[in-house]
Amino acid sequence: MSNLIEVRGLSKSYQKARGMFSRHTVLALSNVSFSLAAGQTLAIVGETGSGKSTLAKLLVGIEQPDSGEILLAGQQLNCADYQKTNHLIRYIFQDAARSLDPNQKIANILHDVLRYSTVLSFEQRERKIADTLKLLGLLNEHGNYYPHMFSGGQLQRVALARALILDPKILILDEALTALDPSLRAQIVNLLLELQQKTGLAYLLITNQLRLVRHIADQTLVLHKGISLDYGDTSAVFENPQHEYSRKLMKSIEY
Ligand SMILES: Nc1ncnc2c1ncn2[C@@H]1O[C@H](COP(=O)(O)OP(=O)(O)OP(=O)(O)O)[C@@H](O)[C@H]1O
């Protein structure tokens, strides 16, 4: 299986203020490597501060790495390329649904995404919006709704529509399902799995919901203080973790 994305030796540090006058360096990510193929899901797990969001930010170009490389379909990703490639990797976070502009109809929000990143005409954008709403189990009429007119589940679908309308190859779900109640989460997970089967979309699932990881992730990477401790097939990582920290993590979180 050829890799959609390959990450090699990615490191990132931040300068943090300590008191009024001194600063210290925090190594948020240290020499992390992994790969992800089309139609696969990789879970990134680790406690708070382990570097999960930093990794996501590097992948979508919000932050630049200190060292290491990211290869997208075999091509090295450079800062200058992000404008060209930002439709290939999309990022959806915990409050994505709430971050929709309350004063704009859904169709306008989706038009804006397409206007910014494509050269499609108005009619082509209209068609793409209708297709995407349908893909997410929404109706064409929903384009005329404002965000507050949707239920929680529908709103999550709208947030997914905004992320998927550019036909990305990789979707990063950063705690995107954490706040949902269990039945809604199950609905959205089923939808994600269906979409993956239909389109070959790859997911980078950032979460500590280990039951969910076990259910949908093909591979799992355990991050601790920015270091990749365990990485491999989910069943192997869960059943035979190589590091004591991973063993404790698997036990400490109820699933
Ligand atoms: N912009 C920043 N400036 C300074 N330090 C940062 C910055 N972003 C992250 N860090 C530090 O880098 C480390 C990793 O943070 P990161 O947010 O990636 O962890 P995380 O695993 O996503 O945590 P959480 O689950 O709480 O979001 C932490 O020590 C954090 O304080």
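As shown above, the structure is provided for reference.
On a predicted model such as this, the values are computed, not experimentally measured, just so you know.

Undergrad: Provide a residue-level description of the pairing of strand β8 (residues 202-206), including the pertinent values.
TA: In terms of burial, β8 is largely enclosed, as five of its five residues are buried. Alternating positions in β8 separate into two faces, A202, L204 and I206 on one and Y203 and L205 on the other, with burial throughout. Bridge count for strand β3 (residues 41-45) against β8 is four bridges, and the pairing is parallel. In the strand pairing of β8, L42 is matched with L204.

Undergrad: Kindly report on the packing of aromatic side chains, identifying the contributing residues and their values.
TA: Any pair of aromatic rings gets described here by the distance separating the centres and the angle formed by the planes. In the structure shown here, the tally under the stated rule is one aromatic pair. Ring geometry for Y145 against F150: centres 5.3 Å apart, planes inclined by 45°, an arrangement best described as tilted.

Undergrad: A description of the layout of surface pockets should follow, citing residues and the corresponding values.
TA: Roughly 340 Å³ of volume is contained in the largest pocket. Along its surface, the largest pocket is lined by 15 residues, and R90, Y91, F93, R162 and A163 are the ones closest to its centre. When residues of the lining of the largest pocket are traced back to their parent elements, those giving at least two are β6 (89-93), α3 (106-117) and α5 (152-164). Ranked by residues supplied to the lining of the largest pocket, first place goes to β6 with five residues. Tallied by class, the residues present in the lining of the largest pocket amount to eleven nonpolar, two polar and two charged.

Undergrad: Help me get a handle on the pairing of strand β10 (residues 227-233), residues and values and all.
TA: As paired strands, strand β9 (residues 219-224) and β10 are joined by six bridges and run antiparallel to one another. Counterpart to L221 in the pairing with β10 is Y231. What sits between the antiparallel neighbours β9 and β10 is a turn of two residues, in which K225 has the positive phi angle 50°.

Undergrad: Describe the site of the ligand, and please don't skip the residues or the numbers.
TA: Close contacts around the ligand come from Y14, K16, V26, A28, E47, T48, G49, S50, G51, K52, S53 and T54, and that covers them all. At a separation of 2.7 Å, an oxygen atom of the ligand approaches a polar side-chain atom of K16. Between an oxygen atom of the ligand and a side-chain N or O atom of T54, the distance comes to 2.6 Å. The fraction of the free accessible surface of the ligand (630 Å²) that becomes covered by protein chains is 66%. For the shell around the ligand, the secondary structure elements donating two or more residues are β1 (3-18), β2 (22-37) and α1 (52-60). Classifying every residue of the shell around the ligand gives three nonpolar, six polar and three charged.

Undergrad: Could you give me a rundown of the environment of Q187, with the residues and numbers involved?
TA: Inspection of the secondary structure puts Q187 in helix α6 (residues 182-199). Overall, the relative accessible area of 40% leaves Q187 in the partly exposed class. With 53 residues separating them in the primary sequence, Q187 and N240 have C-alpha atoms 30 Å apart.

The rules behind each value
- Residues numbered from 1 in each chain as written.
- Predicted model: local features only at pLDDT ≥ 70, side-chain atom pairs only at ≥ 80, totals over all residues.
- Heavy atoms only, no water.
- Buried < 20%, exposed > 50% of the residue type's maximum accessible area, 1.4 Å probe, protein only.
- Helix = DSSP H or I, 4+ residues; strand = E, 2+ residues; numbered from the N terminus.
- Pairing = 2+ DSSP bridges.
- Phe/Tyr/Trp six-rings, centres within 6.5 Å; stacked < 30°, edge-to-face > 60°.
- 1 Å grid on protein atoms, 1.4 Å probe; cavity = no way out; pocket = protein on both sides within 12 Å on 5 of 7 lines; lining within 4 Å.
- Points joined across faces, edges and corners; volume = space filled by probe spheres on them.
- Nonpolar A, V, L, I, M, F, W, Y, C, P; charged D, E, K, R; others polar.
- Near = heavy atom within 4 Å.
- Polar contact = N/O pair within 3.5 Å; in protein donor to acceptor, adjacent residues only side chain to side chain.
- Areas by Shrake-Rupley, 256 points an atom, 1.4 Å probe, with all protein chains shown as cover.

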